[in-house]
Amino acid sequence: MAFLCRYLLLLTFIVVIFRNAEAQDNYTDPGSGVEIIFPADAGIFPHQWTIKKINPSIRPVCHEELIRLEDLLTFAFSKYPVAVLNANLKRVCVVKSMTFYGLPYGGTNYQHTVYLSDDNDNPWFNDEYIEQVFHHEFSSILLRDFHVYFDQAKWLSLNPPSFRYGKGGADAIRQGMASMALEPETIKQGFLSQYSTASVEEDINVVAQYLFTGNPEFWNVFAMNDIIRDKARLLIGFYHKINPVFTESYFRNLCFGITAQR
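Heads up: these notes are all about the structure in this document. (Residues numbered from 1 in each chain as written. Predicted model: local features only at pLDDT ≥ 70, side-chain atom pairs only at ≥ 80, totals over all residues. Heavy atoms only, no water.)

Remarks on unusual backbone geometry
Okay, step 1: For Y101, which is not glycine, the phi dihedral falls at a positive 55 degrees.
Okay, step 2: Residue position: Y101 is located in the loop between β5 (97–100) and β6 (103–105).
Okay, step 3: Backbone geometry at Q111 places phi at a positive 50 degrees, although glycine is not the residue there. (Helix = DSSP H or I, 4+ residues; strand = E, 2+ residues; numbered from the N terminus.)

Notes on the environment of V82
Okay, step 1: Relative to the helices and strands, V82 resides in helix α3 (residues 82–88).
Okay, step 2: Spatially, the C-alpha atoms of V82 and S32 are 5.5 Å apart, while their sequence positions differ by 50 residues.

Looking at the environment of F100
Okay, step 1: Assignment of secondary structure puts F100 in strand β5.
Okay, step 2: Between the C-alpha atoms of F100 and I54, which are 46 residues apart in sequence, the distance is 5.2 Å.
Okay, step 3: Look past the residues within four positions of F100 in its chain and what remains in contact with it is F45, W49, I54, P56, Y105 and T108. (Contact = heavy atoms within 4.5 Å.)

Remarks on the pattern of salt bridges
Okay, step 1: Under the defined criterion, the tally for this structure stands at twelve salt bridges.
Okay, step 2: Across the salt bridge formed by R68 and D118, the nearest N and O atoms sit 2.9 Å from each other. With R68 in helix α2 (residues 66–77) and D118 in the loop between β8 (113–117) and α4 (127–145), this residue pair connects regions lying 50 residues apart in the sequence.
Okay, step 3: Under the relative-accessibility criterion, R68 is labelled partly exposed at 23%.
Okay, step 4: On the basis of relative accessible area, D118 is assigned to the buried category, the value being 0%.
Okay, step 5: Here D119 and K96 are joined by a salt bridge, their closest N and O atoms 3.5 Å apart. Of this pair, D119 sits in the loop between β8 and α4 while K96 sits in the loop between β4 (91–95) and β5; the two residues are 23 residues apart in sequence, bridging distant segments of the chain.
Okay, step 6: Judged by its relative accessible area of 16%, D119 falls in the buried class.
Okay, step 7: Each of E65, R68, D118 and D127 takes part in one network of salt bridges that share partners. (Salt bridge = Lys/Arg side-chain N within 4 Å of Asp/Glu carboxyl O. Buried < 20%, exposed > 50% of the residue type's maximum accessible area, 1.4 Å probe, protein only.)

Examining the packing of α2 against α4
A packed helix pair is summarised by two numbers, namely the angle formed by the two axes and the spacing between the axes.
Okay, step 1: The N-to-C vectors of α2 and α4 enclose an angle of 50 degrees; their axes lie 10 Å apart at closest approach. Between α2 and α4, the crossing angle belongs to the class labelled oblique. The way α2 lies across α4 gives a crossing that is right-handed. Side by side, α2 and α4 meet where R68, L69, L72, L73, F75, A76 and F77 of the first sit next to D127, I130, E131, F134 and H135 of the second.
Okay, step 2: Across the contact of α2 with α4, the residue classes break down as eight nonpolar, one polar and three charged. (Axes fitted to C-alpha atoms, helices over the stretch in contact; angles between N-to-C directions. Parallel < 35°, antiparallel > 145°, perpendicular 65-115°, else oblique. Left-handed = near helix turned anticlockwise from the far one by under 90°. Nonpolar A, V, L, I, M, F, W, Y, C, P; charged D, E, K, R; others polar.)

Looking at the sheet that holds strand β1 (residues 26–28)
Okay, step 1: Pairing in this open sheet of five strands is mixed, and the strands run β1-β2-β4-β8-β7 from one edge to the other. The strands lining the two open edges of the sheet, one partner per strand, are β1 and β7 (107–110). Strand-to-strand twist across the sheet, computed as the mean angle between neighbouring axes with direction ignored, equals 20 degrees.
Okay, step 2: Contacting β1, β2 (35–37), β4 and β8, α2 crosses the sheet at an angle of about 145 degrees to β4.
Okay, step 3: The strands that α4 touches are β4, β7 and β8; relative to β8, the one it contacts most, it runs at about 155 degrees. (Pairing = 2+ DSSP bridges.)

Okay, structure coming up:
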């Protein structure tokens, strides 16, 4: 028995070493063809973002995180039909941290690229949070690509009559109002989180991230709050027009790990 235990430990050690040796700075997800890139400098950003006012900067992700991030993103990709990914997502760039305007960003996007932070020194940056940010940012890409499918006027009509969105995501970060955690006080008004109130796009993004991560607490809010339910169903309708696999039942099943047919 002692020999068998030592053998199994050795085998596990060899597998871990081999798996770590496979980690690459650039990786193509075999199921979707989406590139996952772990850049070393701010050259990953579009040229127009390099002006002094924006002043982008990054810290590269730790090498030890690569396998985890590859697996995490492969899981996130599995929630979309391959056709949707092929047409609308070219690459995901992951860094340890990034700043714009001197402010830290957990994620952003440009054209068909998503940028994510993975600050493994920060306990908030767990797998669930990083996956949420991916779906959050990818929803912005889909809103641009399929804007004719989304009824923004209907969305705005669901808000309280006196409500006005803020000045956008950057201002919300600057004001310390960037939490995407479910917030009881904002939920009463029809917004899932503080960040939802930053702009109509951020409001949509936050609903999208909770739909795709299959969060049971979100579905409790869905059942209890008329505005959240109407917003979620409006967004589900948008996704359904992109691909018929996206139905309310599909999103509910994500709570149980059931994903799209690849």
